[in-house]
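Chain by chain, the residues:
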Amino acid sequence: MFKHIVLALDGSEYAIRASEKAIYLAQNNPESKITVLYVVDAATSKADATHLYSASELDQSRKEKLEISERKLKQAEIDYEIKILHGDPGPTIVKYVNNNKVDLCVIGSRGLNRLQEMVLGSVSHKVAKRAECPVLIVK
């Protein structure tokens, strides 16, 4: 049923729970593949650059945010790939799922950026409103 699942991650607790749900769905659909999306937005990139000293440290910081979910995917022996995109997370995720024949997008209900969530609305809400595929929001 769900052959191409997109899992949008940001390293938050909710994203880890979302990865567990995506894995469960993929395990029950043997032909499933998961694309893990991590979107680097300008605000995050700027904050990371001011706190970290080198490009390799910046790369390592981003990899650490995906590490737990990636380990779970490997343990479950799920076919997956990781894509790191740049842009505003909500619209970037929507653009990717709408342009890549995605059957389901799985995303955590809350991310790491609390201020943006309160002021502009959550990324998960934006994705649910604009994505052309079903969206599973995990609490």
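Here the structure is a predicted model, which means the values were calculated and not measured. (Residues numbered from 1 in each chain as written. Predicted model: local features only at pLDDT ≥ 70, side-chain atom pairs only at ≥ 80, totals over all residues. Heavy atoms only, no water.)

1. Brief notes about the nonpolar core
Phase 1 of the analysis: Counting 20 residues, the largest nonpolar core has Ile5, Leu7, Ile34, Val36 and Val106 as the members making the most contacts within it.
Phase 2 of the analysis: Of all the elements in the fold, those that place two or more residues in this core are strand 1 (4-9), helix 1 (13-27), strand 2 (33-40), helix 3 (55-75) and strand 4 (104-108).
Phase 3 of the analysis: For this core, the element with the highest residue contribution is helix 1, accounting for six residues.
Phase 4 of the analysis: Counting residues in each nonpolar core, the second largest holds 14 residues, with Val39, Val94, Cys105 and Ile107 among its members. (Core = buried A, V, L, I, M, F, W, Y, C linked by side-chain atoms within 4.5 Å. Buried < 20%, exposed > 50% of the residue type's maximum accessible area, 1.4 Å probe, protein only. Helix = DSSP H or I, 4+ residues; strand = E, 2+ residues; numbered from the N terminus.)

2. So, the pairing of strand 2
Phase 1 of the analysis: Burial analysis of strand 2 places seven of its eight residues in the buried class, which makes it a mostly covered element.
Phase 2 of the analysis: Bridge count between strand 1 and strand 2: six bridges; the pairing is parallel. Residue pairing for strand 2: Leu7 is matched across the bridge by Val36.
Phase 3 of the analysis: Where strand 2 and strand 3 (residues 80-86) come together, seven bridges link them in parallel fashion. Residue pairing across strands places Tyr38 opposite Ile84, the latter belonging to strand 3. (Pairing = 2+ DSSP bridges.)

Just distances and angles here, no functional claims.
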